[in-house]
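What the coordinates show
Now for the letters of each chain:
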Amino acid sequence: MTLNRLLVAKPWLWSFAATIIVWVVTILFTGGASSFGLSQAALTFAAFSVIVGIGQMFVITLGPGNIDLSVPATMTLSGTLALKLMDVQDGMIVVGLLASIGIGLVIGIGNYALIKALRIPPIIATLSMSFIVQSVAIWSNRGLRIKPPETLANFAISGLFGIPNIALVALILSIIAWVLLEKSIYGRWISAIGQSTFAARMAGIPVDGTRLVTYMLCAVLASVCGYLLASFSGGAALNMGSEYLLMSIAVVVIGGTAVAGGNSNIPGIWGASLFMFLVVSMLNTYGFGAGFRLILTGLIIIAVILLAGGRQSLR
Amino acid sequence: MKISSSTVRLIIPAASLVLLLAAVFYMQPRAMSYTGLNLLFNLAVPIALATIAQMLIMSVNDLDLSMGTFVSFCACVSATFLQSSPALGILIFLGAIAAYALIGVVINIRDLPSIVVTLGMSFVWGGLAVLILPSPGGTAPTWARWLMTAKPPLVPMAIVASILIAAVTHYIVMRSSFGVLIRGVGGNDRSVERAGWSVLGLRAATYALAGFFAILAGIALVGLTTSADANIALRYTLLSIAGVILGGGQFVGGKVSPIGAVIGALTLTLAGSFLSFMRISPDWQIGAQGAILIVVLALRLALNRLEKREKSQ
């Protein structure tokens, strides 16, 4: 009974339980030989999903219909332009980071301008925006593969006390996001808007300002993630963001954030991101082909949703 | 003269299609012919069918993020099983329709968000498509090829097919009692339930029907391209959603328009041709498509405001 209540109160425990099961199953197959390497890889790749997932979570918390489809295009553009600007010089690392944050700010403002001024549903507004952003990325990339500055590349692929630096960055960002969400007035505002925009407006919450900031935050996190991913993988590629569209939505939902808005949680995103990476590597370890791997990934996602969805009826 | 509000909602998408068509004709007068129109709208048929499928799902307040992978899967089945052993192909399609109905049942019973379930399903369909056709290939069934390349007198096949699709789905969704019920589920599922109908059954039937139209989209696509691959229709997910919205449909409330959805799909297809006539560099093609989407929706907003102002006077 107490366990039941704990699971209802802390929905993110589900995703962590699933993660641990998948980790153990994978390690069992390899006989424990690769447990350290697997954990390292999982932390690194999960970190990228966590960063974009947090942004997407803030947007989804705003309520039904709110979603940011421009995440992949933003990542690509930010990675491309930042590497181009830094031009392999170590001294430009900070400038590059600032530039990518700036790109995120501009895209976020653009997204919300379309949503607000033209009253386009967010899903279509961010989609149209992503087309334009993608075009700019194609135009500026021109098939060149510029390497990241050496210090930055070393930072991205190394770690501290066995924990990858990327994971540490994601952890710091998660803590900031958690404070924003749970302890600041802004976090209360977005939850209130997600539960009832009308009631929030009546209560005097600056609805438009809050939504604008949220879309900007999501775009900035996506562009920072693009900057880090490009540094990690040794260069920007035009399709580098594509898998993060579905990933950013999937980790938010599997992590236990209500899709209807108004209720979100950050630990769940970590659990879900680790889980998503480990499922794929587990299926790889067991030697499944690409087709079976995709089918099983899909079925596992649906199974997790079915299990986790049950807790809402417990309430 | 009194015009119903549903007609007004249709005028705007129709006007933007005519405007875009006029621009294309102005830039390339040779497009104003039988062959020209056929080339312009050829690829619109599968997109229109997929848009109708998406519209059905949206009419019960859900969203199908697996549309693109599902149409790809159907295209792969059409180019392989349906061509070599039609009975097996039809059996697979019946199974796929049953799977769609099952998704509807699961979403309804557990009250799950449709975007997440269909997101999971998109992996499943994608995986199945890769299993069927690991590399691009297959052959279109001869009848599908014949149907898509048929040359009826006076009006090109693409236009005939679009009108046919619009008419049939308009009848199903707007005129039949089944259509009223599914839009009722989108509008207020509780009152439909209280009136004695089974929302579970209605949702399952809507999903099955959507699956059926998506299958037709897959067959039509293979009829045009003659072969298939596992990623052939991935962009249909977003295209179909954009098509419904362009056609005046809404995400919630059961407010959809089949004729509008077909017009929306035609507009999106035409936007692609328009850009190639403009000789825009390939770098900017996608971006310009986004810009056209924004312009058309802005136009709609302006016209909506105009309509409101007239009403208040």
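What counts, and where the lines are drawn
Residues numbered from 1 in each chain as written. Chains lettered and ligands numbered in written order. Predicted model: local features only at pLDDT ≥ 70, side-chain atom pairs only at ≥ 80, totals over all residues. Helix = DSSP H or I, 4+ residues; strand = E, 2+ residues; numbered from the N terminus. Rg over C-alpha atoms; globule rule 2.2 N^0.38 Å. Buried ≥ 20, exposed ≤ 12 C-beta atoms within 10 Å, placed from the backbone. Contact = placed C-beta atoms within 7 Å. Nonpolar A, V, L, I, M, F, W, Y, C, P; charged D, E, K, R; others polar. pLDDT = per-residue confidence, 0-100. Expected span 1.5 Å × (residues − 1). Arc of directions from axis to C-beta. Axes fitted to C-alpha atoms, helices over the stretch in contact; angles between N-to-C directions. Parallel < 35°, antiparallel > 145°, perpendicular 65-115°, else oblique.

1. Observations regarding the overall build of chain B
For chain B, the count of helices and strands is 14 helices and zero strands. Ordered by position in the sequence, the α and β elements of chain B form the string α-α-α-α-α-α-α-α-α-α-α-α-α-α. A globule of 313 residues ought to have a C-alpha radius of gyration of about 20 Å, and chain B, at 20 Å, matches this closely. Reported as C-alpha extents along the three principal axes, the dimensions of chain B are approximately 55 × 50 × 40 Å. Across the 313 residues in chain B, those meeting the buried criterion constitute 53%. Counting contacts in chain B only where the partners sit at least 6 residues apart, residues at least 24 apart contribute 80% of the total.

2. Here's the deal with the interface of chain A and chain B
Counting residues at the interface gives 37 residues for chain A, matched by 34 residues for chain B. Considering each element in turn, the side of chain A that touches chain B owes the most residues, 14 residues, to helix 14 (residues 290–314) of chain A. By residue class, the composition of the side of chain A that touches chain B is 27 nonpolar, eight polar and two charged.

3. Observations concerning the confidence of the model for chain B
Residues at a pLDDT of 70 or more form 96% of chain B, whose mean pLDDT is 85. Mean pLDDT per element in chain B: helix 14 (residues 282–312) of chain B is the minimum at 74, and helix 4 (residues 67–79) of chain B is the maximum at 93.

4. Things to note about helix 8 (residues 165–183) of chain A
Residues and elements named next belong to chain A. For helix 8, which comprises 19 residues, the first-to-last C-alpha distance of 26 Å matches the rise-based estimate of 27 Å (1.5 Å per residue) to within 8%. Buried within helix 8 we find Ile166, Ala167, Ala170, Ala177 and Leu181. Buried residues of helix 8, seen end-on, are gathered within an arc of 85 degrees and therefore sit on one face of the element. Structural note: helix 8 exposes Ile172, Ile175, Ile176, Val179 and Lys183 on the side pointing more than 90 degrees away from its buried face.

5. Let's talk about the environment of Val130(B)
Relative to the helices and strands, Val130(B) resides in helix 7 (residues 114–132). With 99 residues separating them in the primary sequence, Val130(B) and Asp229(B) have C-alpha atoms 8.1 Å apart. When neighbours within four sequence positions are excluded, Val130(B) is seen to be in contact with Ala290(A), Gly291(A), Leu294(A) and Ala230(B).

6. A closer look at the packing of helix 9 (residues 185–195) of chain A against helix 11 (residues 207–232) of chain A
All names here are of chain A. The N-to-C vectors of helix 9 and helix 11 enclose an angle of 105 degrees; their axes lie 10 Å apart at closest approach. Classed by the angle they form, the pair helix 9 and helix 11 counts as roughly perpendicular. Residues Tyr186, Trp189, Ile190 and Ile193 of helix 9 touch helix 11, and the partners they reach there are Val207, Thr210, Arg211 and Thr214. Residue classes in the contact of helix 9 with helix 11 are distributed as five nonpolar, two polar and one charged.

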